[in-house]
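Here's the letter readout for the chains.
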Amino acid sequence: MKAVAVDLAALGDVEPLWDDWLDDAARRFRVDTNALDEQLPNWPQLLERFAEERAPVYFRRDSEVTGTLRRLNTAGVRVGVFTERPEALTRVALSHLGADGRVDLVETGEGARERLLAQLGDDTVVAQTHAELVGLR
């Protein structure tokens with residue numbers, strides 16, 4: 001195995017934090033969260049601050065995941081992470097999950113998986129779940 005593409009969800013669940021931020025932004029800034037770019041241009045910075053403040057409540061490091069990433073790195077396997085969630089949230093999550101120093105590439109947003117696979121090349125193994133990731137050998 002030369003490369004693995006990991007869904008961020010296999011490392012940790014970012015959905016509760018993302019949903020809470022959307023609810024908070026809609027209430028606090030009175031915006032339609034489907035039009036953030038137009039109504040709240042600095043939303044990525046606001047999301048990052050929100051996520052950094054609350055990350056310890058939402059994210060717990062998983063020793064199986066950490067061990068798997070360490071083994072992959074030691075074996076020279078390129079590790080990429082993909083998610084449809086925003087980059088700001090992804091960076092905070094990777095940091096708090098202990099994966100940021102063990103990941104070579106990160107793609108976020110729509111089409112992230114396809115972009116990552118194009119960069120990692122043919123024969124890239126995809127791990128979409130925790131079980132698939134920790135099962136890699």
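Please refer to the structure higher up on the page.
Keep in mind that what you see is a predicted model, and the values were worked out from it rather than measured.

Criteria and thresholds
Residues numbered from 1 in each chain as written. Predicted model: local features only at pLDDT ≥ 70, side-chain atom pairs only at ≥ 80, totals over all residues. Heavy atoms only, no water. Helix = DSSP H or I, 4+ residues; strand = E, 2+ residues; numbered from the N terminus. Buried < 20%, exposed > 50% of the residue type's maximum accessible area, 1.4 Å probe, protein only. Salt bridge = Lys/Arg side-chain N within 4 Å of Asp/Glu carboxyl O. Pairing = 2+ DSSP bridges. Right-handed = clockwise from strand over helix to strand, strands pointing away.

Enquirer: Which residues make up unusual backbone geometry, and what are the values?
Expert: In the Ramachandran plot, Arg-30 falls in the positive-phi region, its phi being about 55 degrees despite a non-glycine side chain. Of note, Arg-30 is situated in the loop between α2 (15–29) and α3 (36–39). Owing to a relative accessible area of 73%, Arg-30 belongs among the exposed residues under this scheme. For Asp-123, which is not glycine, the phi dihedral falls at a positive 70 degrees. Look at Asp-123 and you get exposed, because its relative accessible area is 72%.

Enquirer: Please set out the pattern of salt bridges residue by residue, giving values where relevant.
Expert: As enumerated under the stated definition, the model contains 7 salt bridges in all. Note that Arg-54 is salt-bridged to Glu-53, the shortest N-O span being 3.1 Å. Residue classification places Arg-54 among the partly exposed residues on the basis of a relative accessible area of 25%. Residues joined by salt bridges that share partners form a network here, namely Asp-24, Arg-27 and Arg-28.

Enquirer: Would you mind going over the pairing of strand β3 (residues 105–108) in detail, with residue names and values included?
Expert: Bridge count between strand β2 (residues 78–83) and β3: 4 bridges; the pairing is parallel. Counted as the bridge partner of Thr-83 is Thr-108 from β3. With respect to chirality, the unit in which β2 leads through helix α6 (residues 87–96) into the neighbouring parallel β3 is right-handed.

That's the geometry; what it means functionally is another story.
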